[in-house]
Amino acid sequence: MSLFRPSGGLVYHWRALTSGWRWRTFRRDVAQWLEIWTCPTEELILIGPSGGHTLPTSWLRRFEKIEAYDLDPLAGIFFQLRHRHPHLKFHQRDMFWREGRLSLAPIQEILREHPKASLLFCNVLGQVLLERQADEGDWYQFLKDLRQLLHGRSWASYHDMYSQEKGADEIDHLTNGSWLDGLIQLHFDWPLSRRSHHSTGAVSVVAPLGGPPGALKGFTGGAGSGEKESDCTGVVGPGDSP
Ligand SMILES: C[S@@+](CC[C@H](N)C(=O)[O-])C[C@H]1O[C@@H](n2cnc3c(N)ncnc32)[C@H](O)[C@@H]1O
């Protein structure tokens, strides 16, 4: 696995370690948004957290146990240097692709292994298609199926929506669409570097009291089982309106 990749790796870690003041507002926005996500705090699954460079240590420490999954072989080292969580397990694993195709199987597996855990997609959903290509229609179907798979869980995602390099065309990260139906999406600016600006979205869901009814049972593999999302949280971010 290369240390230099479009969605993360060494260049990303370098930027994160040297962009303190530039990322300050974005980090604050993410921290405030996580504060109001009232998920259970026994166990947290992080998908694509890299070194956790935009995640607040104090918030992570509330969780008794964290399981983190990222492609990047260095991510776990940077994560623990930053956060020093006493009960973190970091796994180097591809969470979206199997045999060259988009697949929900890796997420299904970890949901099965951790039936009570809350899930945070850490600015990863807008990066998945930077690593490999897929048909746009297949990708949007994948997002709808993912939402269905997560039914009954507390989960949240912040994700790139658009990005722009100086002098280049805007990139659409294909994270809008009907998979977000019924959720309030907040918008945060992320000035990634001097030349690159990202617009991110953030959504969160809180499972009903009493814990998840069994996400896998509810998963039909297709779009929509007729079940409604149990509860959605959302606040208005700084300078934002729903
Ligand atoms: C923008 S970075 C996340 C930054 C992170 N939220 C932070 O606070 O620093 C995106 C991460 O997603 C990971 N990633 C991309 N595709 C992945 C995949 N298929 N499976 C697992 N992780 C993936 C990358 O390795 C990278 O670390």
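Residues numbered from 1 in each chain as written. Predicted model: local features only at pLDDT ≥ 70, side-chain atom pairs only at ≥ 80, totals over all residues.

As for the overall build of the protein
Then, in step 1: A tally of regular secondary structure across the protein gives eight helices and 13 strands.
Then, in step 2: Within the protein, the proportion of its 242 residues that are buried is 36%.
Then, in step 3: Contacts in the protein between residues at least 24 apart in sequence constitute 70% of all its contacts with a sequence separation of at least 6. (Helix = DSSP H or I, 4+ residues; strand = E, 2+ residues; numbered from the N terminus. Buried ≥ 20, exposed ≤ 12 C-beta atoms within 10 Å, placed from the backbone. Contact = placed C-beta atoms within 7 Å.)

Focus: the pairing of strand β12 (residues 196-205)
Then, in step 1: Along β12, seven of the 10 residues are buried, which leaves the element largely enclosed by surrounding structure.
Then, in step 2: With 10 bridges joining them, strand β9 (residues 155-165) and β12 adopt antiparallel strand pairing. Pairing of Q164 across the sheet is with H197, part of β12.
Then, in step 3: Two elements, strand β11 (residues 186-190) and β12, share five bridges in a ladder whose sense is antiparallel. Among the inter-strand pairings, F188 is bridged to a residue of β12, identified as T200.
Then, in step 4: Here β11 hands over to β12 after five residues, the two strands then running antiparallel side by side. (Pairing = 2+ DSSP bridges.)

Digging into the site of the ligand
Then, in step 1: Neighbouring the ligand are 27 residues, the closest being G8, G48, S50, H53 and T54.
Then, in step 2: At the level of elements, α1 (10-18), β4 (65-70) and α6 (128-131) are the ones that each hand at least two residues to the shell around the ligand.
Then, in step 3: Among the residues making up the shell around the ligand, the classes are represented as 13 nonpolar, 10 polar and four charged. (Near = placed C-beta within 6 Å. Nonpolar A, V, L, I, M, F, W, Y, C, P; charged D, E, K, R; others polar.)

Some thoughts on unusual backbone geometry
Most peptide bonds are trans, and most residues other than glycine sit at a negative phi.
Then, in step 1: For S50, which is not glycine, the phi torsion reads 50° and is therefore positive.
Then, in step 2: On the neighbour-count criterion, S50 (27 C-beta atoms within 10 Å) is buried.
Then, in step 3: Even without being a glycine, R84 presents a positive backbone phi close to 45°.

Comments concerning the environment of S58
Then, in step 1: With respect to the helices, strands and loops of the structure, S58 is situated in helix α3 (residues 57-60).
Then, in step 2: Of the residues examined, S58 has 9 C-beta atoms within 10 Å and is grouped as exposed.
Then, in step 3: Expressed as a C-alpha distance, the spacing of S58 and A31, which sit 27 residues apart in the sequence, is 9.4 Å.

Let's talk about the confidence of the model for the protein
Then, in step 1: Summarising the model, the protein shows a mean pLDDT of 87, and 84% of its residues fall at 70 or more.
Then, in step 2: A low-confidence stretch, residues 213-242 (pLDDT under 50), is modelled with 59 contacts involving residues beyond four sequence positions or located in other chains. (pLDDT = per-residue confidence, 0-100.)

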